[in-house]
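So the chains spell out like this:
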Amino acid sequence: MEKEKSNVPKLRFSGFTDDWEQRKFSELVIIERGGSPRPIESYITEEENGLNWVKIGDAPEMGNYITKTAQKIKPEGLKKTREVHPGDLILSNSMSFGRPYIMAIDGCIHDGWLLIRDEQKLFDLKFLCALLGTDSMLNQYTAMAAGSTVNNLNKELVGNTTVFYPSLAEQRVIGNFLTKLDEAITLHQRKLDQIKEYKNGMLQKMFPKEGETVPEVRFPGFEGEWEQRKLHTLMDFSNGFNGNAELYGKGIPFISVMDILNNAYITFESIRGKVDIDDNTLMRFAVNYGDVLFQRSSENFEDAGSSNVYIGDKTAAFGGFVIRGRRKAEYDAYFMKSLLDSDAVRKQITSKAQGAQHINVSQETLSDIILRIPSIEEQVFVGRLFATMNEAVILHQRKLEAMKEYKKGLLQQMFV
């Protein structure tokens, strides 16, 4: 590692010592805005001679290459758009997005994209793609856009940024290293997605479908129909405390909607907020081991009525956008969490709670939900299986988050 000096990063690969070049970005590359033929619906085609039409949705969640598009436009639309080719970089002109991608196919971009073309061959593409996503560049975008009523990138703003870059040889080493790191991150993401997909498949098979009395898949030794119950016969419901929680503040750990959405199960240690309430209030809004917590309101179908189980060994409080379900009949908490995630139950919740703009879940909504439950012995087997799968999800999520943080830290040190 080299001693820090001007125009060099804090962290470098051995063998490279020269200062990085400092230039205005528009002096190095061609920057052009995309364009869209209108009305675009008249130009969409399924013909083989259609041109790939690059939309934001075509950008991959993981990786930097755009390899396919969902739609094509007619060739006559070309004169009203911007053509891009393999090796071109495109950058969303929305600062809330602002992530660069490398084109791996020919196509056309609409006016929501900026084209960045390295005609002087000064850059390694993988290096340049990483450079455009660094905090240094994003901070320049934000500073230059300060005071503007439209918080978007444009050709002039991006072109006026200052970039630092090394020799092509050093660029290639950095680019290849970051590409391998991205591949490792992508691999972990795929593993996580596979576990989640397997879990979702088992949720459909290990709980009775709508109108059925037994699941498709069961553990050996269990038979007979599952008993039909309404949810209110298994638990009592209460709405949460309408107080302001402070992150890492003082007081009682305070469970919010985000805790429900961000954890497979809620533990005492996973709760991020705290609230200052007296003992009498806490008695009304306490959460104890095995309590089931529901999200009350959601704009998303998938999140509607999301449930979680508190498995901590200490008392916490719960917030106003949460409903607490407290056990009044025997059931396994892990089983109940998984049952409430099954398709048959989620369809009931969302159909009963559908509002004009949001999906609003109430105590009344939950009370009439119809469940099918087996013996407590079978519940324990099913519940522990899904607990194991959730633990695997948590483990891979933590690994993935750690790798992303590692890359973020490297980017801050490997670029000027």
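The present account deals with the structure reproduced in this document. Source: prediction; values computed, not measured. (Residues numbered from 1 in each chain as written. Predicted model: local features only at pLDDT ≥ 70, side-chain atom pairs only at ≥ 80, totals over all residues. Heavy atoms only, no water.)

Moving on to the overall build of the protein. Of regular secondary structure, the protein possesses ten helices and 25 strands. Each principal axis of the C-alpha distribution contributes one length, and for the protein these read about 75 × 55 × 45 Å. Taken over 416 residues, the protein has a buried fraction of 45%. The long-range share in the protein, meaning contacts at least 24 apart out of those at least 6 apart in sequence, stands at 75%. For the protein, the computed accessible surface area is about 22000 Å², with 47% contributed by carbon and sulfur atoms. Distance from the positive charge centre (52 side chains) to the negative charge centre (57 side chains) of the protein: 2 Å. (Helix = DSSP H or I, 4+ residues; strand = E, 2+ residues; numbered from the N terminus. Buried < 20%, exposed > 50% of the residue type's maximum accessible area, 1.4 Å probe, protein only. Contact = heavy atoms within 4.5 Å. Areas by Shrake-Rupley, 256 points an atom, 1.4 Å probe, with all protein chains shown as cover. Lys, Arg positive; Asp, Glu negative; His and termini not counted. Charge placed at Lys NZ, Arg CZ, Asp CG, Glu CD.)

Bringing the packing of helix α1 (residues 125-132) against helix α4 (residues 168-205) into the picture now. When two helices pack together, their arrangement is given by the angle between the helix axes and the distance between those axes. Packing of α1 against α4 leaves a shortest axis separation of 7 Å and a crossing angle of 70°. With respect to α4, the axis of α1 lies roughly perpendicular. Here α1 contributes Lys126, Phe127 and Ala130 to the contact with α4, which in turn contributes Gln171, Ile174, Gly175, Asn176, Leu178 and Thr179. Its residues assigned to classes, the contact of α1 with α4 shows four nonpolar, four polar and one charged. (Axes fitted to C-alpha atoms, helices over the stretch in contact; angles between N-to-C directions. Parallel < 35°, antiparallel > 145°, perpendicular 65-115°, else oblique. Nonpolar A, V, L, I, M, F, W, Y, C, P; charged D, E, K, R; others polar.)

On to the sheet that holds strand β4 (residues 51-54), then. Pairing is mixed in the open sheet, where five strands are placed in the order β3-β6-β4-β10-β7. Of all strands in the sheet, those bounded by a partner on one side alone are β3 (44-45) and β7 (82-84). (Pairing = 2+ DSSP bridges.)

Next up on the list: the pairing of strand β19 (residues 292-295). Residue alternation in β19 divides its side chains into two sets, Val292 and Phe294 and Leu293 and Gln295, and both sets are buried. Examined bridge by bridge, β19 and strand β23 (residues 322-327) share four bridges and lie antiparallel to one another. Bridging from a neighbouring strand, leucine 293 pairs with arginine 324 of β23.

This part covers the environment of alanine 264. Inspection of the secondary structure assignment puts alanine 264 in the loop between α5 (257-262) and β17 (273-275). Along the backbone, alanine 264 and methionine 389 are 125 residues apart, and their C-alpha atoms lie at a distance of 9.6 Å. The contact partners of alanine 264, leaving out residues within four places of it in the chain, are Asn308, Lys337, Asn390 and Ile394.

Counted under the stated rule, the structure contains 15 salt bridges. The salt bridge involving lysine 230 is made with aspartate 368; its shortest N-O contact spans 3.8 Å. Separated by 138 residues along the polypeptide, lysine 230 in strand β13 (residues 227-230) and aspartate 368 in the loop between α9 (363-367) and β25 (370-373) bring together distant segments of the chain. The residue aspartate 236 makes a salt bridge to lysine 328 at a minimum N-O spacing of 3.2 Å. In this pair, aspartate 236 sits in strand β14 (residues 235-239) while lysine 328 sits in the loop between β23 and α7 (333-341), placing the two residues 92 residues apart along the sequence. On the accessibility criterion, aspartate 236 (44% relative accessible area) is partly exposed. (Salt bridge = Lys/Arg side-chain N within 4 Å of Asp/Glu carboxyl O.)

On to the packing of α7 against helix α8 (residues 343-353). As a packed pair, α7 and α8 sit with axes 5 Å apart at the nearest point and diverge in direction by 65°. Between α7 and α8, the residues in contact are Leu339, Leu340 and Asp341 and Asp343, Val345 and Arg346, respectively. When the residues that make up the contact of α7 with α8 are grouped by side-chain class, the tally is three nonpolar, no polar and three charged.

Take the sheet that holds β14 next. Read from one edge of the open sheet, four strands run β14-β23-β19-β21, paired in antiparallel fashion. A strand with exactly one partner marks an edge of an open sheet, and here the two such strands are β14 and β21 (307-309). Along the sheet, successive strands turn relative to each other by an average axial angle of 25°, direction set aside. When β14 meets β23, the two strands line up antiparallel, connected through five bridges. Following the sheet pairing, aspartate 236 is matched in β23 by arginine 326. Against the sheet, α7 touches β14, β19, β21 and β23, its axis set at about 170° to β21.

In this structure, Phe25, Phe127, Leu132, Tyr141, Val158 and Phe415 are the most contacted members of the largest nonpolar core, which totals 39 residues. Contacts of leucine 132, omitting those with residues within four sequence positions, involve Phe25, Leu89, Pro100, Ile116, Met137 and Tyr141. Of all hydrophobic cores here, the second largest spans 36 residues; its members include Ile323, Tyr334, Leu340 and Met389. (Core = buried A, V, L, I, M, F, W, Y, C linked by side-chain atoms within 4.5 Å.)

This paragraph deals with α1. Taking burial as the measure, the eight residues of α1 include six buried ones, the bulk of the element. For α1, the complete set of buried residues consists of Phe127, Leu128, Cys129, Ala130, Leu131 and Leu132. Elements in contact with the buried residues of α1: β8 (89-92), β9 (100-103), β11 (113-117), α2 (135-145), β12 (162-165) and α4. The N-cap residue of α1 is aspartate 124: its side-chain oxygen and the backbone nitrogen of lysine 126 are 3.2 Å apart. (Polar contact = N/O pair within 3.5 Å; in protein donor to acceptor, adjacent residues only side chain to side chain.)

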